[in-house]
Amino acid sequence: MSTPVATPTHPPRQRRKEARPQELIDAALELFAEKGFAATRSEEVAARAGVAKGTLYLYYPSKEELLKAVISQRLSSEIAAVTEYARGYRGSCDSLLREVFTEWWSRVFDSPTSAVFKLVITEVRNFPDIAAFYRGAVVEPATALVGEIVERGIRSGEFRPIDVHGTVMSLVFPMIMLCLHKHSLGACAPATEMMDPHGFIRQHVDIVLHGLRADPSASARGVA
């Protein structure tokens, strides 16, 4: 009597199906960075991810929704994680800001995520819905995160009283410009030929923190 043949299972196909949203996000970011958001066609994203165009629409009904997914996964979720970490941090605000900016921004710069800033700056004017989404998902929580750390440092006396919003912009804008350079002029001549990106991040944070620190002698004069 022949041995019954077991019905085959297909775990690889199951894993592949579960991986499709990530593959589509990765493919979309690559193409958006290479060609721009407006110039990229949905079928190109599907082809890069190795799926049919119809499969793309099962997960993301439009190209705009796909870009929102890129923004959510690559930036929003990261900002949420850093915010949770920062709120539980028990060290100095100086150390926390240094850690957030040197480690997180270095990681962003080195990854494909750095292309998101160029996409937003150059193209969202023509896509107001995406602009509003980016503001709510990235700009507002990121500004709140850095602002909370600066305010905490001011309350503790570690930082001198200073305009919080202006300080946040002073910290963040050069980081965005660094990423923008990477995907514009830096695509023709790598940023490393002009400067060391990681060294720039460390120096930038050090300069801003030096300006933020409270002057102990001023406190002493105030007490006197």
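Calculation rules
- Counting restarts for each chain, with residues numbered from 1 along the sequence as it is written.
- Owing to the predicted nature of the model, reporting of local features is limited to residues with pLDDT of at least 70; listing and counting of side-chain atom pairs is limited to 80 or more, with chain, interface and lining totals taken over all residues.
- Side-chain measures here rest on the full set of heavy atoms in the structure, leaving out hydrogens and waters.
- Strands are runs of DSSP state E lasting at least 2 residues, helices are runs of H or I lasting at least 4, and numbering of each runs from the N terminus.
- Type-normalised accessible area, obtained with a 1.4 Å probe on protein chains alone, sets the label of each residue: buried when under 20%, exposed when over 50%, and partly exposed for intermediate values.
- Note on areas: these come from Shrake-Rupley sampling with a 1.4 Å probe, and a residue is covered only by the protein chains present in the view.
- Two residues qualify as a contact provided that any one of their heavy atoms is within 4.5 Å of a heavy atom in the partner residue.
- For our purposes a nonpolar core is just a set of buried Ala, Val, Leu, Ile, Met, Phe, Trp, Tyr and Cys residues, chained together by side-chain atoms within 4.5 Å.
- To estimate the expected span of a helix, subtract one from its residue number and multiply by 1.5 Å.
- Lines fitted to C-alpha atoms define the axes here, with helix axes fitted over just the stretch in contact, and angles between the N-to-C directions of these axes take values from 0 to 180 degrees.
- Convention used here: angles under 35 degrees read as roughly parallel, angles over 145 as roughly antiparallel, angles from 65 to 115 as roughly perpendicular, and any remaining angle as oblique.
- Should the near helix be turned anticlockwise from the far one by less than a right angle, the crossing is left-handed, and should it be turned clockwise, the crossing is right-handed.
- Following the grouping adopted for this structure description, the nonpolar residues are Ala, Val, Leu, Ile, Met, Phe, Trp, Tyr, Cys and Pro, the charged ones are Asp, Glu, Lys and Arg, and the polar ones are all others, Gly among them.
- Here a polar contact means two N or O atoms within 3.5 Å. Within protein one must be a hydrogen donor candidate and the other an acceptor candidate, and residues neighboring in sequence count only if both atoms are side-chain atoms.
- By convention in these notes, a salt bridge is any Lys or Arg side-chain nitrogen within 4 Å of a carboxyl oxygen on Asp or Glu.
- Working definition: a ring pair exists when centres of Phe, Tyr or Trp rings (six-membered ring for Trp) sit within 6.5 Å. Plane angles under 30 degrees give stacked, over 60 give edge-to-face, the rest tilted.
- In our convention, an over-ring charge means Lys NZ or Arg CZ found within 6 Å of a ring centre and within 35 degrees of that ring's normal.

Peer 1: How should the overall build of the protein be read in this particular structure?
Peer 2: The secondary structure content of the protein amounts to twelve helices and zero strands. Scored against the burial criterion, the 224 residues of the protein give a buried share of 39%. About 12,600 Å² of surface is accessible on the protein, with carbon and sulfur atoms providing 58% of the total.

Peer 1: How should I be thinking about the environment of S72 in this particular structure?
Peer 2: Along the chain, S72 falls in helix α4 (residues 63-87). Excluding its chain neighbours within four sequence positions, the residues that come into contact with S72 are S77 and F133.

Peer 1: Help me out: how do you make sense of the nonpolar core in this one?
Peer 2: One broad rule of soluble globular proteins: the nonpolar side chains tend to lie buried together. L97, F101 and W105 are the most contacted members of the largest nonpolar core, which totals 61 residues. Mapped onto this core, the elements with two or more residues apiece are α1 (11-35), α2 (42-49), α4, α5 (93-110), α6 (115-123), α7 (128-156), α8 (164-182) and α11 (197-212). If we skip the residues at most four places from it in the chain, F101 touches S106, V146, L171, V172, M175, I201 and V205.

Peer 1: What should I look at first to understand α5 in this one?
Peer 2: Given 3.6 residues per turn, any residue in an α-helix points the same way as the ones three and four places further on. For α5, spanning 18 residues, the distance from its first C-alpha to its last is 25 Å, which sits close to the expected 26 Å at 1.5 Å a residue. When we look at burial in α5, the residues that qualify are C93, D94, L96, L97, V100, F101, T102, W104, W105, S106, V108 and F109. Where α5 is buried, its residues touch α4, α6, α7, α8 and α11.

Peer 1: Is there a simple way to explain the packing of α5 against α8 in this structure?
Peer 2: Packed helices, taken two at a time, are described by the angle their axes make and the gap between the axes. Between α5 and α8, the shortest axis-to-axis distance is 10 Å and the interhelical angle comes to 15 degrees. The pairing of α5 with α8 is recorded here as roughly parallel in orientation. Here α5 runs over α8; the crossing is right-handed. In this structure, α5 uses L97, F101, W105, V108, F109 and D110 to contact α8, whose residues at the interface are L171, V172, M175, I176, L178, C179 and K182. When grouped by side-chain class, the residues that make up the contact of α5 with α8 number eleven nonpolar, no polar and two charged.

Peer 1: Just to check I follow, could you spell out α2 for this structure?
Peer 2: Along α2, the residues classified as buried are S42, E44, V45, A46 and A49. Immediately beyond the C-terminal end of α2, within one or two residues, lies G50, with a positive phi of roughly 80 degrees.

Peer 1: Help me out: how do you make sense of the side chain of T40 in this one?
Peer 2: The topology assignment puts T40 in the loop between α1 and α2. Within polar-contact distance, the side chain of T40 engages the backbone oxygen of L31 at 3.3 Å. Among residues more than four places away in sequence, those in contact with T40 are L31, F32, K35, V45 and K63.

Peer 1: Which parts of the structure should I look at to understand the pattern of salt bridges?
Peer 2: It is possible for side chains bearing opposite charge to pair when their charged atoms get close. Summed over the entire model, instances satisfying the criterion amount to 16 salt bridges. Between E34 and R48 there is a salt bridge whose closest N-O contact spans 3.1 Å. Placement of E34 in helix α1 and of R48 in helix α2 is noted, with a sequence separation of 14 residues between them. By relative accessible area, E34 is classed as exposed at 53%. Of the charged contacts in the structure, one is a salt bridge between E140 and R135, with a shortest N-O distance of 3.7 Å. Three or more residues are tied together by salt bridges with common partners; here these are K35, R41, E43, E44 and K53.

Peer 1: Where do I start with the packing of aromatic side chains in this structure?
Peer 2: How two aromatic rings sit relative to each other is given by the distance of their centres and the angle of their planes. Summed over all chains, the structure comprises five aromatic pairs. Plain terms: the ring middles of W104 and W105 are 5.1 Å apart, the flat faces sit at 85 degrees to each other, and that makes the pair edge-to-face. Residue W104 is classed as buried on the basis of its relative accessible area, which comes to 9%. What makes W105 buried here is its relative accessible area of 7%. Chaining the aromatic ring pairs together yields one cluster made of F32, F37 and F127. Across from the ring centre of F37, 4.7 Å away, lies the NZ or CZ of K63, which sits over that ring.

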